[in-house]
Amino acid sequence: MPSDLNQNLAPGGPVDAAQVHRIAKRQSLILTPGGFRHPSLVHHVDCDHEVHHSATSKRLRNMRTNEFRILKEEMVLPGEVPAFGRGWICYTFWMNETGSPITAFKTSWEVPPEPTTQGQQTIFLFNGIDPMNVSSSILQPVLQWGRSGAGGGPFWSISSWYVAGDGHAYHTDLMRVDVGERLVGLISLADSQDGTFSYVCEFEGVAGTRLPVQNVPELKWCNETLEAYNISQCSDYPATSKTTFSDISVHTKTGPASVTWSNATIVSECGQAAVVNASGTVDLRYA
């Protein structure tokens, strides 16, 4: 991906600096893995529902009854629908330019130790996938420390998120997990027709984290990411030097993809870095 000094980083990836807007802090905004959002735009998705999101319609479908719930478009003040936030610390990325759609993107990692200091920080770790326009949305199985719009506290928890560039964000139940627990984040293609794609995001084997998203643009930009907010000291990060993302696999309709990761480090004062190892694993370093 070409470097551009006029680009800023957003949770969907690098975007033109003109598209990133600084907003005044408001008590009403809540945190998502796509930055701060107005509460009316953050939607909990029950385990028997699926997301239908487009520029003209935001709906949740009950998969048992086939009934749709139209999400009310709240009146949101200017500045309360920010561009994707700027909390990405370091990440690796790969754009699928094979011409064959991605059918599965899987990553495994271990829940790291708790931070030594526990304040107001929120930490997100995930494998995510975006459309070619990486600022327009992201689908991601997220490991979280701290609080977000899905809930949480001073513990590790997981949920699946779909965050759109228009301000809306959707999440599953938040499930607590233990330090040392092995996680497998999986995003898979469920269907494609007439130029739109349907996906399922989940943590393998964890009931309640399955998030189906219907009829969205093709997802092409894979990433392994450390995102964080309200970090005031290096000990606010997990009490370990790194989290290793392993058993990474990307499949397209034609078979396993040959992935060459690029890496980017945005914040590094504690020694943070995204490192691509010769073995194919990715280290997201805190120190």
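Residues numbered from 1 in each chain as written. Predicted model: local features only at pLDDT ≥ 70, side-chain atom pairs only at ≥ 80, totals over all residues. Heavy atoms only, no water.

### Focus: the packing of aromatic side chains
Logical step 1: Under the defined criterion, the tally for this structure stands at 15 aromatic pairs.
Logical step 2: Summarising the aromatic geometry, the rings of Trp 88 and Trp 221 are spaced 6.1 Å apart at their centres and angled 10° between planes, so their arrangement reads as stacked. Within this pair, whereas Trp 88 is found in strand β9 (residues 88-95), its partner Trp 221 is found in strand β19 (residues 219-229), the two being separated by 133 residues in sequence.
Logical step 3: Since its relative accessible area comes to 0%, Trp 88 is described here as buried. (Phe/Tyr/Trp six-rings, centres within 6.5 Å; stacked < 30°, edge-to-face > 60°. Helix = DSSP H or I, 4+ residues; strand = E, 2+ residues; numbered from the N terminus. Buried < 20%, exposed > 50% of the residue type's maximum accessible area, 1.4 Å probe, protein only.)

### A look at the pattern of salt bridges
Logical step 1: Counted by the stated rule, this structure contains 7 salt bridges.
Logical step 2: Taking the shortest distance from any N to any O, the salt bridge between Arg 64 and Asp 48 comes out at 2.8 Å. Taken as a pair, Arg 64 in the loop between β7 (58-62) and β8 (68-70) and Asp 48 in the loop between β5 (42-44) and β6 (49-53) lie far apart in primary sequence, 16 residues in all.
Logical step 3: For Arg 64, a relative accessible area of 61% gives the class exposed.
Logical step 4: The salt bridge involving Lys 58 is made with Asp 166; its shortest N-O contact spans 3.4 Å. Within this pair, whereas Lys 58 is found in strand β7, its partner Asp 166 is found in the loop between β13 (151-164) and β14 (169-171), the two being separated by 108 residues in sequence. (Salt bridge = Lys/Arg side-chain N within 4 Å of Asp/Glu carboxyl O.)

### Observations regarding the pairing of strand β12 (residues 137-148)
Logical step 1: Within β12, 11 of the 12 residues are buried, leaving the element largely enclosed by the surrounding structure.
Logical step 2: The hairpin turn running from strand β11 (residues 122-131) into β12, its antiparallel successor, is 5 residues long.
Logical step 3: Sheet analysis places β12 next to β13, joined by 12 bridges and oriented antiparallel. The residue of β13 that forms the bridge with Ile 138 is Val 163.
Logical step 4: Taking the residues between adjacent antiparallel strands as the criterion, β12 and β13 are bridged by 2 residues. (Pairing = 2+ DSSP bridges.)

### Comments concerning the state of the cysteines
Logical step 1: Using the criterion set out here, one finds 1 disulfide in the structure.
Logical step 2: Between Cys 234 and Cys 270 runs a disulfide, and the two sulfur atoms are separated by 2.0 Å. Its S-S torsion of approximately -90° makes the covalent link between Cys 234 and Cys 270 left-handed. Of this pair, Cys 234 sits in the loop between β19 and β20 (242-252) while Cys 270 sits in the loop between β22 (262-265) and β23 (273-276), placing them 36 residues apart in sequence.
Logical step 3: Exposure remark for Cys 234: the relative accessible area of 44% places this residue in the partly exposed category. (Disulfide = S-S within 2.5 Å.)

### Quick look at the nonpolar core
Logical step 1: Membership of the largest hydrophobic core comes to 45 residues, with the highest contact counts inside it found for Leu 125, Leu 139, Leu 143 and Leu 226.
Logical step 2: Residues in contact with Leu 226, not counting those within four places in the same chain, are Gly 87, Trp 88, Ile 89, Cys 90, Ile 123, Phe 124, Leu 125, Tyr 237, Leu 284, Arg 285 and Tyr 286.
Logical step 3: Membership of the second largest hydrophobic core comes to 18 residues, among which are Trp 88, Met 95, Ala 169 and Ala 264. (Core = buried A, V, L, I, M, F, W, Y, C linked by side-chain atoms within 4.5 Å. Contact = heavy atoms within 4.5 Å.)

### Observations regarding the environment of Asp 236
Logical step 1: Along the chain, the position of Asp 236 falls in the loop between β19 and β20.
Logical step 2: C-alpha of Asp 236 to C-alpha of Gln 120: the two residues are 116 residues apart in sequence and 9.0 Å apart in space.
Logical step 3: Those residues within four positions of Asp 236 in sequence are excluded, and the remaining contacts are Pro 115, Thr 117, Gln 121, Ile 123, Asn 230 and Ile 231.
Logical step 4: Within the structure, the side chain of Asp 236 is placed 2.5 Å from the side chain of Thr 117, a separation counted as a polar contact. (Polar contact = N/O pair within 3.5 Å; in protein donor to acceptor, adjacent residues only side chain to side chain.)

### What to know about the confidence of the model for the chain
Logical step 1: Overall, the predicted model of the chain reaches an average pLDDT of 89, with 86% of residues at or above 70.
Logical step 2: For the stretch residues 80-85, pLDDT sits under 50, and the model shows 32 contacts to residues farther than four places along the chain or on other chains. (pLDDT = per-residue confidence, 0-100.)

### So, the environment of His 38
Logical step 1: Inspection of the secondary structure assignment puts His 38 in the loop between β4 (35-37) and β5.
Logical step 2: In this structure His 38 comes out as buried when scored by relative accessible area, which is 16%.
Logical step 3: Separated by 111 residues in the primary sequence, His 38 and Gly 149 place their C-alpha atoms 9.7 Å from one another.
Logical step 4: A distance of 2.8 Å separates the side chain of His 38 from the side chain of Ser 40, its partner in a polar contact.

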